[in-house]
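Now for the letters of each chain:
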Amino acid sequence: MRKKGEMITLKPGEEVLKKITADRWNSPGYVRCQITGKLILTNQRVIFLSHVHDFSIPYEEITNMKKSIIVFFPMGIVLETEQGFYEVAAVPRKLVMELIQSKMRECGKIEHYL
């Protein structure tokens, strides 16, 4: 876990494609708990950074992606992995999902999730 104020270290060849404010609602060990942070999409992985809980998922580890409703708002994205699922609320959801889907395709995952 990063210390407060510590920057994330990118891997060699990794580039930030999109950075937006987002809420993490579900992830392994944290269920139905809203944590606000930054969702960072790089050319290699999805990263969520907050003051409480961080996670990083390489695109090749995402087994499924789907839309979800957060409270009453259609802005949720569920990312499923072998280790569990991660749910974030991000706006604009369609743009975020399209970017994740394009990176999943590059990893050989060609399913259509939108």
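Treat the numbers as computed from the prediction; the structure is a model and nothing was measured. (Residues numbered from 1 in each chain as written. Predicted model: local features only at pLDDT ≥ 70, side-chain atom pairs only at ≥ 80, totals over all residues. Heavy atoms only, no water.)

Re the overall build of the chain
Cut-off, in case you're wondering: Secondary structure elements follow DSSP: runs of H or I no shorter than four residues count as helices, runs of E no shorter than two count as strands, and numbering proceeds from the N terminus. A 1.4 Å probe rolled over the protein chains alone gives each residue an accessible area, and that area as a share of the maximum for its type sets the label: buried under 20%, exposed over 50%, partly exposed in between. By the convention used here, residues are in contact when the closest approach between their heavy atoms is within 4.5 Å. To be clear on the numbers: accessible area is Shrake-Rupley with a 1.4 Å probe, and residue cover counts the displayed protein chains and nothing else.
A count of helices and strands for the chain gives 1 helix and 7 strands. Sequence-ordered secondary structure for the chain, helices as α and strands as β, is β-β-β-β-β-β-β-α. Put simply, the chain has 114 residues, and 43% of those count as buried. Sequence separation of 24 or more characterises 44% of the internal contacts of the chain that already satisfy a separation of 6 or more. Here the chain has roughly 6500 Å² of accessible surface; of this, 56% comes from carbon and sulfur atoms.

Some details on the sheet that holds strand β5 (residues 64-70)
The line we're drawing: Two strands form a pair only when DSSP identifies at least two bridges running between them. Axes here mean lines fitted to C-alpha atoms, for a helix over just the part in contact, with angles spanning 0 to 180 degrees between N-to-C directions.
On the basis of which strands lie adjacent, the open sheet formed by 7 strands has the order β4-β3-β2-β1-β7-β6-β5 and antiparallel pairing. Here the strands that pair on one side only, and so sit at the sheet edges, are β4 (55-58) and β5. Between one strand axis and the next, the sheet turns through 35° on average, direction left out of account. Inspection of the sheet shows strand β2 (residues 35-42) paired to strand β3 (residues 45-50) by 5 bridges, in the antiparallel sense.

Describing the environment of Val31
Locating Val31 in the fold gives a position in the loop between β1 (16-26) and β2. Take Val31: its relative accessible area is 64%, and that puts it in the exposed class. Taking C-alpha positions, Val31 is 9.3 Å from Glu87, a pair spaced 56 residues apart along the chain. Excluding anything up to four places from it in sequence, Val31 contacts Trp25 and Asn26.

Brief notes about the packing of aromatic side chains
Spelled out, the test is: For Phe, Tyr and Trp, where Trp contributes only its six-membered ring, two rings pair if their centres lie within 6.5 Å, and the inter-plane angle classes them as stacked under 30 degrees, edge-to-face over 60, or tilted in between.
One pass over the structure, following the stated rule, counts 2 aromatic pairs. Ring geometry for Phe48 against Phe55: centres 5.6 Å apart, planes inclined by 20°, an arrangement best described as stacked. Like Phe55, Phe48 is buried. Here Phe55 and Tyr86 contribute two aromatic rings whose centre-to-centre distance is 4.6 Å and whose plane-to-plane angle is 45°, an arrangement assigned as tilted. Placement of the pair is Phe55 in strand β4 and Tyr86 in strand β7 (residues 84-90), with a sequence separation of 31 residues.

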